[in-house]
Amino acid sequence: MNEALTKSLITMNAKEWPSSGDEMAGRIRTHDWAATPLGRLETWPQSLRSAVDLILPNGFPMIVLWGPQLIQIYNEGYARIMGLKHPAGLGQPTRECWPEVWHINEPIYERVRAGETVTFDDALYPLARNGVLEDVWLTLSYSPLRDDNGVIAGVLVTLFETTARHVAQRQRDEAAGALQASEERLRRVLETDAVGILLFDHEGTLIDANEVFLKKTGWSREDIGSGRLDWRRMTPPEWVAASEAQMDALRRTGHLGPYEKEYLCKDGSRSWMLFAGRDLGDGTIVEFAVDVSARKEAEQAEQRLAAIIESSDDAIISKNLDGIITSWNQSAERLFGYRAEEVIGQPVTILIPEGRQDEEPRILERLRRGERVDHYETVRRRKDGSPVEISLTISPVRNQHGRIIGASKIARDITERKRLEEQLLLVNRELHHRVKNTLATVQAVVASTARRAQTIAEFQQAVTERITSLAKTHTLLIEKEQDGASIKDILTSELAPYDDGTGRRVRLAGPDVPLPSEIAVAFGMAVHELTTNAAKYGAFSLPSGRIEVTWDLEAMAGGRRLTLGWQERDGPAVEEPTRQGFGSVLLQRALGRQLGGEVEATFARDGLQVRISAALPPR
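Residue indices follow the written sequence of each chain, beginning from 1 at its first position. Where totals are concerned, whole chains, interfaces and linings use all residues; where local detail is concerned, this predicted model gives features only for residues with pLDDT of at least 70, and gives and counts side-chain atom pairs only at 80 or more. Excluded from the side-chain calculations are hydrogens and water; all other atoms, namely the structure's heavy atoms, are used.

**Some words on the overall build of the chain**
Definition in use: Only DSSP runs of H or I covering at least 4 residues are called helices, and only runs of E covering at least 2 are called strands; the numbering of each starts at the N terminus. Type-normalised accessible area, obtained with a 1.4 Å probe on protein chains alone, sets the label of each residue: buried when under 20%, exposed when over 50%, and partly exposed for intermediate values. Residue contacts are counted whenever heavy atoms from the two residues lie within 4.5 Å of one another. Values of accessible area rely on a 1.4 Å probe in the Shrake-Rupley scheme; residue burial ignores everything except the protein chains shown.
When you go through the chain residue by residue, the secondary structure sums to 19 helices and 20 strands. In the chain, which comprises 619 residues, the proportion classed as buried is 40%. Sequence-distant contacts, at least 24 apart, represent 51% of the contacts inside the chain between residues at least 6 apart. Here the chain displays about 34,500 Å² of accessible surface, and carbon together with sulfur accounts for 53% of that area.

**Points about the sheet that holds strand β6 (residues 196–201)**
The cut-off we apply is this: The pairing criterion is simple: DSSP has to find at least two bridges between the two strands. Between N-to-C directions, angles cover 0 to 180 degrees, with each direction set by a line fitted to C-alpha atoms, over the stretch in contact for helices.
Overall, antiparallel pairing links the 5 strands, which are arranged β7-β6-β10-β9-β8 in an open sheet. Because the sheet does not close on itself, it has two edges, and the strands there are β7 (206–209) and β8 (255–264). Going from strand to strand, the sheet's axes swing by 25° on average, the running direction of each strand aside. In terms of strand pairing, β8 meets strand β9 (residues 270–279) through 8 bridges, oriented antiparallel.

**Quick word on the pairing of β9**
Remember that side chains alternate between the two faces of the sheet whenever the strand is regular. The turn joining β8 and β9, which pair antiparallel and follow one another in sequence, is formed by 5 residues; a positive phi near 95° is taken by G268. Judged from the 7 bridges that link them, β9 and strand β10 (residues 284–291) form a sheet pairing that is antiparallel. Of the residues in β10, the one forming a bridge with F275 is A289. Here β9 folds back onto β10, and the loop between the two strands holds 4 residues, one of which, G281, carries a positive phi near 80°.

**Quick look at the pattern of salt bridges**
Convention followed: When a carboxyl oxygen of Asp or Glu lies within 4 Å of a side-chain nitrogen of Lys or Arg, that pair is called a salt bridge.
Counting across every chain of the model gives 31 salt bridges. Of the charged contacts, one joins D122 and R165 as a salt bridge, the two residues approaching to 2.2 Å between their closest N and O atoms. Placement of the pair is D122 in strand β3 (residues 118–127) and R165 in helix α7 (residues 163–190), with a sequence separation of 43 residues. Since its relative accessible area comes to 47%, R165 is described here as partly exposed. The salt bridge partner of R412 is D314, with a shortest N-O separation of 2.7 Å. Note that R412 is positioned in strand β15 (residues 404–413) and D314 in the loop between α11 (293–310) and β11 (315–320), a separation of 98 residues in sequence. Accessibility expressed as a relative area gives 11% for D314, which makes it buried. Among the ionic contacts, a cluster of salt bridges with common partners joins E365, R366, R369 and E371.

**Describing the side chain of S271**
Structurally, S271 can be placed in strand β9. Each residue touching S271, except ones within four places of it in the same chain, is listed here: K261, E262, Y263, C265, D291 and S293.

**Thoughts on the side chain of S391**
Position of S391 relative to the elements: it lies in strand β14 (residues 387–398). The buried category is assigned to S391, whose relative accessible area is 10%. In this structure S391 touches H375, Y376, E377, I410, A411, R412 and I414, once residues within four positions along its chain are discounted.

**Overview of the packing of aromatic side chains**
For clarity, the cut-off: A pair of aromatic rings is counted whenever rings of Phe, Tyr or Trp (Trp by its six-membered ring) have centres within 6.5 Å, and the orientation is called stacked for planes under 30 degrees apart, edge-to-face for over 60 and tilted otherwise. Geometrically, a charge over a ring is one whose NZ (Lys) or CZ (Arg) sits within 6 Å of the ring centre while staying within 35 degrees of the ring normal.
Taken as a whole, this structure holds 13 aromatic pairs when the rule is applied. Ring geometry for W17 against W44: centres 5.9 Å apart, planes inclined by 75°, an arrangement best described as edge-to-face. Here W44 lies in the loop between α2 (23–30) and α3 (46–55) and W17 lies in the loop between α1 (3–13) and α2, a separation of 27 residues in the sequence. Accessibility assignment for this pair places W17 and W44 in one class, buried. With centroids separated by 4.5 Å and ring planes inclined at 10°, the aromatic side chains of Y498 and F540 adopt a geometry described as stacked. A residue pair is termed long-range when its members are at least 10 positions apart, and Y498 in the loop between α17 (487–495) and β16 (506–509) and F540 in the loop between α18 (517–536) and β17 (546–556) qualify at 42 residues. A network of ring pairs unites the aromatic residues W102, Y109, F120 and Y142 as a single cluster. One residue, R49, lies across the ring of W17, its end atom 4.3 Å from the ring centre. Of note, K261 hangs over the ring of F275, and the distance from its end group to the ring centre comes to 5.5 Å.

**Here we look at empty space enclosed by the protein**
Convention followed: Cavity and pocket criteria rest on a 1 Å grid covering protein atoms alone: a 1.4 Å probe that fits but cannot get out defines a cavity, protein on both sides within 12 Å along at least 5 of 7 lines defines an open pocket, and an atom within 4 Å of a point defines a lining residue. Grid points are joined across faces, edges and corners, and a volume is the space filled by probe spheres set on the points. Just so you know the grouping, Ala, Val, Leu, Ile, Met, Phe, Trp, Tyr, Cys and Pro go in nonpolar, Asp, Glu, Lys and Arg go in charged, and all remaining residues, Gly too, go in polar.
Tallied over the entire structure, the rule returns 5 cavities of 30 Å³ or more. Along the wall of the largest cavity there are 17 residues; nearest its centre are Y78, W98, N105, L140 and Y142. Secondary-structure elements contributing two or more residues to the lining of the largest cavity are β1 (62–66), α4 (76–82), α6 (102–113), β3, β4 (134–146) and β5 (152–161). The element that contributes the greatest number of residues to the lining of the largest cavity is β4, accounting for 3 residues. When the residues that make up the lining of the largest cavity are grouped by side-chain class, the tally is 14 nonpolar, 3 polar and no charged.

**Focus: the sheet that holds β11**
As summarised here, the arrangement of the 5 strands in space is β12-β11-β15-β14-β13, forming an open sheet in which the pairing is antiparallel. Here the strands that pair on one side only, and so sit at the sheet edges, are β12 (325–328) and β13 (373–381). Strand-to-strand twist of the sheet, defined as the mean angle between neighbouring strand axes without regard to direction, takes the value 30°. In terms of strand pairing, β14 meets β15 through 9 bridges, oriented antiparallel. Opposite S395, over in β15, you have S408 as the bridge partner. Its contacts with the sheet place helix α14 (residues 359–368) against β11, β13, β14 and β15, and it is angled at close to 155° to β13.

**Description of α17**
Just so we agree on the cut-off: Summarising the geometry, the arc corresponds to the directions from the helix axis toward the C-beta atoms.
Listed in full, the buried residues belonging to α17 are I487, I490, L491, E494 and L495. Across the axial projection of α17, the buried residues extend over an arc of 115°, all falling on one side.

**Examining unusual backbone geometry**
The peptide bond linking W17 to P18 adopts the cis configuration, its omega dihedral lying at -5°. By the element assignment, P18 lies in the loop between α1 and α2. With an omega of 0°, the peptide bond between G257 and P258 qualifies as cis. Inspection of the secondary structure assignment puts P258 in strand β8. Look at D122: it is not a glycine, yet its phi comes out positive at around 55°.

By themselves, these observations are geometric and do not establish any function.
Right, here's the structure in full:
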């Protein structure tokens, strides 16, 4: 076939080549090769096309590097190795695609261009195929590719990745190294002179122990070899239950301890030991034992001494004869706010307010004479500067020769007792004040009612109702001791007998306004009179009648102003009375003059309207 015919066939079939149906064949067909040094696809020499046809169906990763710039053409296997560099790497000079390994590859390419085939087994390449450098191991073969004239024009690279194998081997090597290091550490532990090591079977029989344990307990290897030495034999009876609980935990979790118990030595003596262990999973249990007898003896001595001091809620402090603090219990810390390390070594005067500094020299003088100071009530200063009232009992401390070397001081917080005493005094004064006011109010109610009652029965009923209203208000004041009885509480108490629960007959609307006792009493009696009047002559005298009470509170200079409106509706026709009754007098005197307020009553035909305006003290 002549050259012209060959070129014609290549041109006719260019769009169908490469004919493979895989992804890379499609990418090669559609790539803009005219923008690369290789030129349009239909101009490629047959030698290059043959090389591409060779790599595309191959299962191994393969790449053709063609021309002086080694332009990349690769198959799907190689595309997977490229990571994020694919598909941009297609048609790209290999130096631009893989700059991180150009210093490795350039000498290799020179050798291949000289006609040499170069092979590497498990070569390490630092590739940035996923944006960061990573170690990648590859087995590669670099072979020369010749053009149609037999001149070397490219490089064929065949490779497969062995990174996973190397990573696995590295992990095995690291694990082996860690195991070796662990075994070495274990060997050093077993050789230590401080820790006893015991091996038991699952029945609790001791099968081995190190020399440390044997030396501390007196048991021998012959005892172990007899097969009759188990943990029960080495455990005092009172500790068997605790040990069994640890064995149960071992069976559940594979671990026991750490826990402390006494251990029986061969001669019957006891040692305190700290134990911890685990199931090794091979039928044996390892247990580590540390002798803590010396620490336990010291702890018990300290506990006996501390129990004497810490059993009391009182602050217990010791000081020397120079007034320097030498001990400080937790109750002292709670009372004064200082931690022990902050005050030990400091003069006790840091607890004494400026105005009481002269007390300490007098106390020290009495102590030097051997005197005891009983229940001395005074004031001391906390760390934050706040005062605290205390009762002091101070006793001299003597050494073994009877010489006074310091003092033990017990300080009891009497703040609550003092507060209760003051509260009781205040309650007594308040009770005295309220009884006087109540008796005066009752006296005024009786006198005013007597002047207006027409009969004894009317007098008795009116007085009873008014004193009952007064009692209700006092009950509310006692129940609401902290905040005072509120307007709504008083209104609800008085209007409850007429409220059908539907919200139709009685409607109350306003903020929660607690009233001081003197205002609450006057307001309660006024509401009682308005309610009684409504029941006799106003809205509550008819089933259809209803009452609406609204109030509001407004801030003002030096206090607050209460505005309350009483509106009766749907009752009988209202006529202005020809004389003032007790209720009218009470409204004007109690709420008007006594409280510095204003009372305005409007006798409208459709119902009585009362507007009350009174000054309240600030909260």
